[in-house]
Amino acid sequence: MAETQMTMEMQVRAIIKTIAASGTLLYKNADTGGREYYETTGLTWTPGTPNVLWVNGNVDINGNDLIIDADADSYIHASADDVMDFVTASTTRLSIGATGIISISNVTDATSKDTGCLVLEGGLGLEKAIWTPGQIVVDSDANGLVLGDGQDAKIYHDGTDLIIDPDVVGSGKVVIGATQDNDLECYHIGIGTAGSLNGYYCRVYDATVTSTIAEYAIYGALVRTGGVTDQADNLYGLNFDIIMDNAAGTIGHIVGAEFAARLYNGTVGTGAANRHIYGANILSRQTGGTVNGNIYGIKSAVDKEAGSTVTGDIYGNYT
């Protein structure tokens with residue numbers, strides 16, 4: 001007991017000596033429980049609890065280090081005026097600048113949610129933009145990029161496909177360009193695999209491609225392998241229905257379908273292999289099954305209703 005008391009007294013004397021040498025006023029006081037302590041303005045040292053220092057006010061380190069560990073290589077210090085550094089293993093890991101900007105020196109890349117220079121167990125809320133030259137990885141088949149003030153749209157991966165869902169809330173749609181007038185370029189477009197079978201405009205242009213196989217401006221393939229149960233279910237390769245229904249209006253031609261195959265320069269075919277230009281190449285083929293009716297290569301009809309006027313001729317097929 002005497003040895004413990006001597007140790008505490010030596011600690012107190014060391015504190016008194018240090019403070020007294022700096023000219024700081026030091027005086028003895030006691031709390032309501034009778035414990036004695038020594039204090040200056042804002043400083044309390046309790047002899048009954050060795051190695052603990054209570055500070056009621058400011059601690060002025062004045063440019064020195066606040067050492068954290070036993071070997072003095074982890075500490076907090078000011079590397080410059082208004083700059084605070086957090087150092088571990090003698091290396092600055094985090095700095096807070098005069099304007100409040102926090103800089104982390106660790107450059108470890110993230111390969112999972114538990115790696116990288118900053119690992120958070122909870123969420124992260126930001127008021128401003130995120131800028132990165134690296135990747136943003138969403139490691140989930142359910143979560144994704146949620147957009148809109150009301151979380152209206154979402155882009156995510158469902159484990160198989162990339163899903164663009166524009167109407168999570170509301171009735172939005174996918175628009176290419178703010179005024180829907182920008183181009184969409186891709187290799188294949190699938191229209192109507194889970195909804196309407198109606199497509200719109202498709203233009204393919206490549207001035208540099210060298211093709212050794214067929215190229216198509218528009219290629220459509222509709223294959224039905226099940227579900228046909230009666231003759232009311234039809235299959236159409238192309239179905240055009242162009243309607244003018246404005247009694248007060250006047251337009252030019254009305255064309256149900258127009259095909260043009262043009263050669264401006266170059267050569268079609270060789271001497272050994274003749275090739276041709278077709279305005280339209282139509283093939284009706286039966287390789288099996290039963291047709292309870294006719295097969296037409298081309299079937300055309302003109303339906304002129306009573307009460308309508310034509311000033312020229314009427315052609316079912318004109319070449």
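Residues numbered from 1 in each chain as written. Predicted model: local features only at pLDDT ≥ 70, side-chain atom pairs only at ≥ 80, totals over all residues. Heavy atoms only, no water.

Undergrad: Outline the confidence of the model for the chain, supporting the account with residue identities and numerical values.
TA: In this model, the chain carries a mean pLDDT of 75, and residues with pLDDT of at least 70 account for 70%. Confidence scores differ between elements of the chain, with strand β3 (residues 43–45) showing the lowest mean pLDDT of 49 and strand β11 (residues 153–157) the highest of 92. Across residues 194–202, where pLDDT falls below 50, the model places seven contacts with residues more than four positions away in sequence or in other chains. (pLDDT = per-residue confidence, 0-100. Helix = DSSP H or I, 4+ residues; strand = E, 2+ residues; numbered from the N terminus. Contact = heavy atoms within 4.5 Å.)

Undergrad: So what about the pairing of strand β6 (residues 75–80)? Which residues, and what values?
TA: Of the pairings in the sheet, the one linking strand β5 (residues 66–67) to β6 comprises two bridges and is antiparallel in character. Paired with Ile-67 across the bridge in β6 is Tyr-75. With five bridges joining them, β6 and strand β7 (residues 83–88) adopt antiparallel strand pairing. Each residue of the ladder has a partner; that of Tyr-75, found in β7, is Val-87. Hairpin connection, β6 to β7: the antiparallel pair is bridged by two residues, and Asp-82 has positive phi, about 65 degrees. (Pairing = 2+ DSSP bridges.)

Undergrad: Break down the environment of Leu-283 for me, with residues and values.
TA: Mapped onto the elements of the fold, Leu-283 is located in the segment after β12 (162–165). Accessibility expressed as a relative area gives 60% for Leu-283, which makes it exposed. When the C-alpha atoms of Leu-283 and Ile-298 are compared, they prove to be 8.7 Å apart, with 15 residues separating the residues in sequence. (Buried < 20%, exposed > 50% of the residue type's maximum accessible area, 1.4 Å probe, protein only.)

Undergrad: How would you sum up the side chain of His-77? Please name residues and give values.
TA: The residue His-77 is located in strand β6 in this model. Within polar-contact distance, the side chain of His-77 engages the side chain of Asp-65 at 3.3 Å. Residues within four places of His-77 in sequence aside, it is in contact with Asn-64, Asp-65, Val-83, Met-84, Asp-85 and Val-87. (Polar contact = N/O pair within 3.5 Å; in protein donor to acceptor, adjacent residues only side chain to side chain.)

Undergrad: Outline the environment of Val-168, supporting the account with residue identities and numerical values.
TA: Relative to the elements of secondary structure, Val-168 occurs in the segment after β12. With a relative accessible area of 44%, Val-168 lands in the partly exposed category. Taking the C-alpha atoms as reference points, Val-168 and Asp-152, 16 residues apart in sequence, are found 5.2 Å from one another. Not counting the four nearest positions on each side in its chain, Val-168 is found in contact with Gln-151, Asp-152, Ala-153 and Lys-154.

Undergrad: Explain the sheet that holds β7 to me, using residue names and the numbers behind them.
TA: Pairing is antiparallel across the open sheet formed by five strands, whose spatial order is β5-β6-β7-β8-β9. Looking at which strands have only one partner, the edges of the open sheet turn out to be β5 and β9 (102–104). Note that strand β8 (residues 91–96) and β9 share three bridges and pair antiparallel. Bridging across to β9, Ile-96 finds its partner in Ile-102.

Undergrad: Explain the sheet that holds β12 residue by residue, including any values.
TA: Pairing between the strands of a sheet comes from backbone hydrogen bonds, and it takes one of two forms, parallel or antiparallel. The strand order β10-β11-β12 describes an open sheet built from three strands, whose pairing is antiparallel. Looking at the sheet topology across the chains shown, the edges are occupied by β10 (144–147) and β12. Here the average twist between neighbouring strands, direction ignored, is 5 degrees. As paired strands, β11 and β12 are joined by four bridges and run antiparallel to one another. (Axes fitted to C-alpha atoms, helices over the stretch in contact; angles between N-to-C directions.)

Undergrad: A description of the side chain of Asp-73 should follow, citing residues and the corresponding values.
TA: Looking at where Asp-73 falls in the secondary structure, it is placed in the loop between β5 and β6. Not counting residues within four places of it along the chain, the set of residues in contact with Asp-73 comprises Val-87, Thr-88, Ala-89 and Ser-90.

Undergrad: Run through a negative patch on the surface, naming residues and quoting values.
TA: A cluster of like negative charges, contributed by Asp-139, Asp-141, Asp-158 and Asp-161, occupies part of the molecular surface. Its location among the elements puts Asp-158 in the loop between β11 and β12. (Patch = residues over 30% accessible without salt bridge, like charges linked within 9 Å, V, L, I, M, F, W, Y side chains within 5 Å. Areas by Shrake-Rupley, 256 points an atom, 1.4 Å probe, with all protein chains shown as cover. Salt bridge = Lys/Arg side-chain N within 4 Å of Asp/Glu carboxyl O. Lys, Arg positive; Asp, Glu negative; His and termini not counted. Charge placed at Lys NZ, Arg CZ, Asp CG, Glu CD.)

Undergrad: Explain the layout of surface pockets residue by residue, including any values.
TA: Quantified by volume, the second largest pocket comes out at close to 1,500 Å³. Lining the second largest pocket are 29 residues; nearest its centre among them are Ala-110, Leu-118, Gln-135, Ile-136 and Val-137. Across the lining of the second largest pocket, the residue classes break down as 14 nonpolar, twelve polar and three charged. (1 Å grid on protein atoms, 1.4 Å probe; cavity = no way out; pocket = protein on both sides within 12 Å on 5 of 7 lines; lining within 4 Å. Points joined across faces, edges and corners; volume = space filled by probe spheres on them. Nonpolar A, V, L, I, M, F, W, Y, C, P; charged D, E, K, R; others polar.)

Undergrad: Pulling in residues and values, what's your account of unusual backbone geometry?
TA: Phi is positive for Ala-72, close to 60 degrees, though the residue is something other than glycine. Structurally, Ala-72 is set in the loop between β5 and β6. Even without glycine at this site, Gln-151 takes up a positive phi of about 55 degrees.

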